[in-house]
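What the coordinates show
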Amino acid sequence: GAVVSQHPSWVICKSGTSVKIECRSLDFQATTMFWYRQFPKQSLMLMATSNEGSKATYEQGVEKDKFLINHASLTLSTLTVTSAHPEDSSFYICSARDWEHQGYGYTFGSGTRLTVV
Amino acid sequence: AQSVTQLDSQVPVFEEAPVELRCNYSSSVSVYLFWYVQYPNQGLQLLLKYLSGSTLVKGINGFEAEFNKSQTSFHLRKPSVHISDTAEYFCAVSEQGAQKLVFGQGTRLTINP
């Protein structure tokens, strides 16, 4: 079945630095990938939708200059948290769609726990 | 825009008892519906999905859900739960023709021995 690999699984960084999170579709081509943020004991909030080869579409209230999304290939999307601050600490999860084989199925990565100190 | 409401934030159940986790949605168009499970510090695993056809959908781990269009509901059920079912469960909806998947608030299922 479709597998999405997300790395790193956890990261601690100093305030003011940038962190990159990778999301890879291992056995399918993901024309569309999604990035979510999840606060403790809360639901997943969609941050942005990225389509391969085009700019990401950000949800209202999400700072596109802080959360840079790149989807340069059909198997890789990256989320870079720039100039991270403690309030950016959260659990970030990516998701991908395999239109050819899954149609309306979504596959999720295992998540990245970011802690900014 | 679509929205999802999970009516119970927490559901405690004894082992081997039946359970129902409630989900209602709102949308002006036809939708696809999903239930996901999340274990601590992990991503989401698909339990089942409704795209079309039979309104009773069977998923993994003995779970099933019934799509009720008139009541705009998609409740998740299991006839007999196990300790290993302790997790967070999310209902999600996607409007047909749209890319977005919108999640409910989640229901924490706790199984007591």
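Let me sum up the structure you'll find in this document. As the structure is a prediction and not an experimental result, all values here were calculated from the model.

1. Points about the packing of aromatic side chains
Considering all chains together, one arrives at 13 aromatic pairs over all chains under this definition. With a centroid separation of 5.7 Å and an interplanar angle of 50 degrees, the aromatic rings of Phe34 of chain A and Tyr106 of chain A are classed as tilted. In this pair, Phe34 of chain A sits in strand 4 (residues 32–38) while Tyr106 of chain A sits in strand 10 (residues 106–108), placing the two residues 72 residues apart along the sequence. Grouping residues by exposure puts Phe34 of chain A and Tyr106 of chain A together as buried. For the pair Phe108 of chain A and Tyr36 of chain B, a centre-to-centre distance of 5.0 Å together with 75 degrees between the ring planes defines the contact as edge-to-face.

2. Some words on the side chain of Gln6 of chain B
Checked against the element boundaries, Gln6 of chain B lands in strand 1 (residues 3–6). Looking at Gln6 of chain B, its side chain comes within polar contact range of the main-chain oxygen of Tyr89 of chain B, at 3.0 Å.

3. Some thoughts on the state of the cysteines
The final tally for this structure, using the stated rule, is 2 disulfides over all chains. A sulfur-sulfur distance of 2.1 Å marks the disulfide that ties Cys23 of chain A to Cys94 of chain A. Disulfide Cys23 of chain A to Cys94 of chain A: torsion about the S-S bond roughly 80 degrees, handedness right-handed. Of the two residues, Cys23 of chain A sits in strand 3 (residues 19–25) while Cys94 of chain A sits in strand 9 (residues 90–97), which places them 71 residues apart along the sequence. Per residue, the accessibility class of Cys23 of chain A equals that of Cys94 of chain A, and both read buried. Note on cysteine connectivity: Cys23 of chain B is disulfide-linked to Cys91 of chain B, with sulfurs 2.0 Å apart. Here Cys23 of chain B and Cys91 of chain B share a disulfide; its torsion about the S-S bond, -65 degrees, makes the bridge left-handed. On the criterion of sequence distance, the pair formed by Cys23 of chain B in strand 4 (residues 23–26) and Cys91 of chain B in strand 10 (residues 87–95) is long-range, its members being 68 residues apart. Relative accessible area serves as the criterion here: at 0%, Cys91 of chain B is assigned to the buried category. Counting only cysteine sulfurs, Cys94 of chain A is the nearest neighbor of Cys13 of chain A, a cysteine outside any disulfide, at a range of 18 Å. Judged by relative accessible area, which is 9%, Cys13 of chain A ranks as buried.

About the criteria used
- Residues numbered from 1 in each chain as written.
- Chains lettered and ligands numbered in written order.
- Predicted model: local features only at pLDDT ≥ 70, side-chain atom pairs only at ≥ 80, totals over all residues.
- Heavy atoms only, no water.
- Phe/Tyr/Trp six-rings, centres within 6.5 Å; stacked < 30°, edge-to-face > 60°.
- Helix = DSSP H or I, 4+ residues; strand = E, 2+ residues; numbered from the N terminus.
- Buried < 20%, exposed > 50% of the residue type's maximum accessible area, 1.4 Å probe, protein only.
- Polar contact = N/O pair within 3.5 Å; in protein donor to acceptor, adjacent residues only side chain to side chain.
- Disulfide = S-S within 2.5 Å.

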